[in-house]
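For reference, the chains in residue letters:
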Amino acid sequence: MKRAATLSALACLLAVTAAAPAASDTPATARGAATAAASASAGKASALDTVPRRGVLRVCTTGDYRPFSHLDPATGKYSGVDIKMAGDLAKSLGARPRYVATTWAGLVGDLSAGRCDIAMGGVSVTLPRARSVYFSEPTRTDGKTPIVRCTDKDKYRTLQQIDRPGTRVIVNPGGTNEEFARAHLHRAALTVHPDNTTIFDEIIAGRADVMMTDASETRYQARIHPELCSLHPDKPFSFSEKAYALPRGDDEFKAYVDQWVHLATHDGTYRKYEDAWMK
């Protein structure tokens, strides 16, 4: 009897084991989803919840990139297309915006370190940045194009014309403008100017010949500086998109910001703010 009972128990155990799927038999997607869910529940709370509780939306911005973000040194106040958008986003969350000064070289690091909840102000989507942060749905398309003195508008229309000995190209440090120039220029003289708010004065004064930056910026700078001409902004040298950078891993906040951007770019809100600066 004892031997029969033992064999019966062993048979039951084998049946249960056979019925239960082994860990190695569980689909990788299912295991990944479970791991992600566990990580999310164990991680930090979403900004979708913390921002309304705090009553403040912390916005990293450089303040040196009109028409998107400009810091007035006299008043200490920010203005620009994305500053208006930041105010709207904060309001939608029952909060107020607080701007956190950053640089183009430090923007991703500041966001990743938790110094702000979102980065706004003409931020271009790039794959290197996307390895560290999320990007929202794009607000607009853009691309690099030259801005020059209008007297030189026929001299620097192509990359071949620009990339010649004697051409003085100027860029601001740490962002996609410098990255683009270093990737495409091999013979022209390249100068890195530390202050993006005065960089166009260098071209006007004749200390530089060309800057290649986003078509949106060249349009704006040509509007406020009659001496400067934006060259073929409708057909830039490259393709890029502007968006808002978000903390990597906060899927709930990204989903909310995506929906908010989608509405603002389709109901005329974003266009209204942009037109106020560009026209």
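Read on for an overview of the structure. One numbering rule holds for all chains: residues counted from 1, following each sequence as written. For this predicted model, a pLDDT threshold of at least 70 governs which residues receive local features, and a threshold of 80 or more governs which side-chain atom pairs are given and counted, while totals over whole chains, interfaces and linings are taken from all residues. Processing note: side-chain calculations cover all non-hydrogen atoms of the structure and skip hydrogens and water entirely.

1. Overview of the packing of aromatic side chains
- Only centres within 6.5 Å qualify two rings of Phe, Tyr or Trp (six-membered ring in Trp) as a pair; their planes then separate them into stacked at under 30 degrees, edge-to-face at over 60, and tilted for everything else. In total, this model carries 6 aromatic pairs according to the counting rule given.
- Judged by centre distance (6.5 Å) and plane angle (5°), the ring pair of Phe 180 and Phe 237 falls under stacked. Taken as a pair, Phe 180 in helix α8 (residues 176-184) and Phe 237 in the loop between β13 (228-230) and β14 (240-242) lie far apart in primary sequence, 57 residues in all.
- Of the residues examined, Phe 180 reaches a relative accessible area of 9% and is grouped as buried.
- An aromatic cluster of at least three residues, connected via ring pairs, comprises Tyr 65, Phe 68 and Trp 104. The helix and strand labels rest on DSSP assignments: H or I over at least four residues marks a helix, E over at least two residues marks a strand, and numbering proceeds from the N terminus. Under the scheme applied here, a residue whose accessible area is under 20% of the maximum for its type counts as buried, over 50% as exposed, and between as partly exposed, the area being computed with a 1.4 Å probe on protein chains only.

2. Considering the state of the cysteines
- Cysteine sulfur atoms are paired as a disulfide whenever they come within 2.5 Å of each other. On inspection of all chains with the given rule, the structure shows 2 disulfides.
- Through a disulfide, Cys 60 is tied to Cys 116; the S-S separation comes to 2.1 Å. Judged by the torsion about the S-S bond (-100°), the Cys 60/Cys 116 disulfide is left-handed. Of the two residues, Cys 60 is situated in strand β1 (residues 56-61) and Cys 116 in the loop between α5 (107-112) and β6 (118-119); the sequence distance between them amounts to 56 residues. Note on accessibility: Cys 60 and Cys 116 belong to one class, buried.
- What pairs with Cys 150 in a disulfide is Cys 229, and their sulfur atoms sit 2.1 Å apart. Taking the sign of the S-S torsion, about 100° here, the bridge from Cys 150 to Cys 229 comes out right-handed. Taken together, the residues Cys 150 in the loop between β9 (144-149) and α7 (159-162) and Cys 229 in strand β13 connect sequence positions 79 residues apart.

3. Quick notes on the side chain of Thr 218
- Relative to the elements of secondary structure, Thr 218 occurs in helix α10 (residues 215-224).
- Take Thr 218: its relative accessible area is 0%, and that puts it in the buried class.
- In protein, a polar contact requires one atom able to donate a hydrogen and another able to accept it; more generally it is a pair of N or O atoms within 3.5 Å, and residues adjacent in sequence count only if both atoms are side-chain atoms. A polar side-chain atom of Thr 218 sits 2.7 Å from a polar atom in the side chain of Ser 230.
- Should any heavy atoms of two residues lie within 4.5 Å, those residues are considered in contact. Apart from the residues within four sequence positions on either side, Thr 218 is in contact with Thr 145, Pro 146, Ile 147, Thr 213, Ser 230 and Pro 233.

4. Concerning the sheet that holds strand β3 (residues 69-71)
- Taken in spatial order, the 3 strands line up as β2-β3-β4 in an open sheet, and their pairing is antiparallel. Across the chains shown, the open sheet's two edge strands, defined by having one partner strand only, are β2 (64-65) and β4 (78-79).
- Strand pairing is assigned whenever DSSP detects at least two bridges linking the two strands. Relative to β3, β2 is paired through 2 bridges, and the arrangement is antiparallel. Counted as the bridge partner of Asp 64 is His 70 from β3.

5. Some thoughts on the pairing of β1
- Most of β1 is tucked away: 6 of the 6 residues are buried.
- Where burial is concerned, the two faces of β1 agree: the one with Val 56, Arg 58 and Cys 60 and the one with Leu 57, Val 59 and Thr 61 are both buried.
- Judged from the 6 bridges that link them, β1 and strand β5 (residues 96-101) form a sheet pairing that is parallel. Residue pairing across strands places Leu 57 opposite Pro 97, the latter belonging to β5.
- Relative to β6, β1 runs parallel, the two being bridged by 2 bridges. Bridging from a neighbouring strand, Cys 60 pairs with Ala 119 of β6.

6. With respect to the environment of Tyr 156
- Within the secondary structure, Tyr 156 is located in the loop between β9 and α7.
- Here the alpha-carbon distance between Tyr 156 and Leu 231, two residues 75 residues apart in the chain, equals 8.4 Å.

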